[in-house]
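This is what each chain is made of:
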Amino acid sequence: MDTPDQPERRPLATRQLRASHAAARWVAGLGVTANAISVAGMFCGIAAGIALALTASVPEHARWLWFAGAALIQLRLLANMLDGMVAMETGTSSRVGELFNEAPDRVSDAATLIGLGYAAASVPVLGYVAACVALFVAYVRAIGKAAGAHQEFCGPMAKPQRMFFATLAALWCCAAPVAWQVIGPFSAPALVLWLIIIGGIATAVRRLVRIGRALQAA
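In this text the structure is predicted, and so the values were computed from the model without any measurement.

**A short note on the overall build of the protein chain**
Thinking step 1. Looking only at helices and strands, one finds seven helices and two strands in the protein chain.
Thinking step 2. When the helices and strands of the protein chain are placed in sequence order, the string is α-α-α-α-α-α-β-β-α.
Thinking step 3. Its C-alpha radius of gyration of 18 Å places the protein chain within 12% of the 17 Å reference for a compact globule of 218 residues.
Thinking step 4. Principal-axis analysis of the C-alpha atoms places the extent of the protein chain at approximately 50 × 45 × 25 Å.
Thinking step 5. Out of the 218 residues in the protein chain, the part that is buried amounts to 44%.
Thinking step 6. Put simply, 81% of the contacts in the protein chain that link residues at least 6 apart link residues at least 24 apart.
Thinking step 7. Carbon together with sulfur atoms contributes 72% to the accessible area of the protein chain, which is approximately 11100 Å² in total.

In structure tokens form, the structure reads like this:
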């Protein structure tokens, strides 16, 4: 059950895995704080954006940079999972922890998506629009909670889905022949950004509807 000092958390199937709990206990045993993990995750998100953007300016190392971008996105998500689990493991859940959980996430989202916009054969403006949409989706969740509803984590393009598609684009560009990296009129990164934008708008609308219904029923 959530308490005033334990904010609602995004439901993740990976949190139920024994390996996840073992990892959380191991990290907690090292003395690493949940807030430090949150900040480390933010730097992974920023580094992912930089690696993705560098694929355009350092083409001779593009495949390694695509791989690095994908790996860093997943490290960011791992940190997002572990910070809350470590807080629970060590009994240090707090409202301040919620700030460390939310603010770095917004930086990570923006950095990664903008970086994907500047990636090889991508479209920078799509990266900025996708980042704005991602921020608005998170904002809708936050205002829903502030208004008295439960936090809405529903998709179809919540953070896990956004980062899944960004990772997929990076891995595709890492492994596929250059000729396969253009799908119809779009490059793979640009296509993924369009999916994130359209899916993000649908997600924001769906969350607003669900929040409105919850507040009316309260």
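**Some details on the pattern of salt bridges**
Thinking step 1. One pass over the full model with this rule turns up nine salt bridges.
Thinking step 2. In this structure, Arg76 and Asp109 form a salt bridge, with 3.1 Å as the shortest nitrogen-oxygen distance. In this pair, Arg76 sits in helix H3 (residues 62-90) while Asp109 sits in helix H4 (residues 95-117), placing the two residues 33 residues apart along the sequence. Asp109 matches Arg76 in its accessibility class, with the two residues each being buried.

About the thresholds
- Numbers given to residues run from 1 along each chain, matching the order in which its sequence is written.
- The model is predicted, so local features are restricted to residues of pLDDT at least 70 and side-chain atom pairs to those at 80 or more, both for listing and for counting; the totals for chains, interfaces and linings are taken over all residues.
- The side-chain figures draw on all heavy atoms in the structure; neither hydrogens nor water molecules are used.
- Put simply, DSSP marks the helices as runs of H or I at least four residues long and the strands as runs of E at least two long, and each gets a number from the N terminus on.
- The globule rule is 2.2 Å times the number of residues to the power 0.38, and the radius of gyration it is compared with is taken over C-alpha atoms.
- The buried label applies to any residue whose accessible area, calculated with a 1.4 Å probe on protein chains only, is under 20% of its type's maximum; exposed applies above 50%, and partly exposed to all values in between.
- Residues are treated as being in contact if the distance between any of their heavy atoms lies within 4.5 Å.
- Note that accessible areas follow from Shrake-Rupley with a 1.4 Å probe, and for residues the cover is restricted to the protein chains shown.
- Every case where a carboxyl oxygen of Asp or Glu lies within 4 Å of a side-chain nitrogen of Lys or Arg is listed as a salt bridge.

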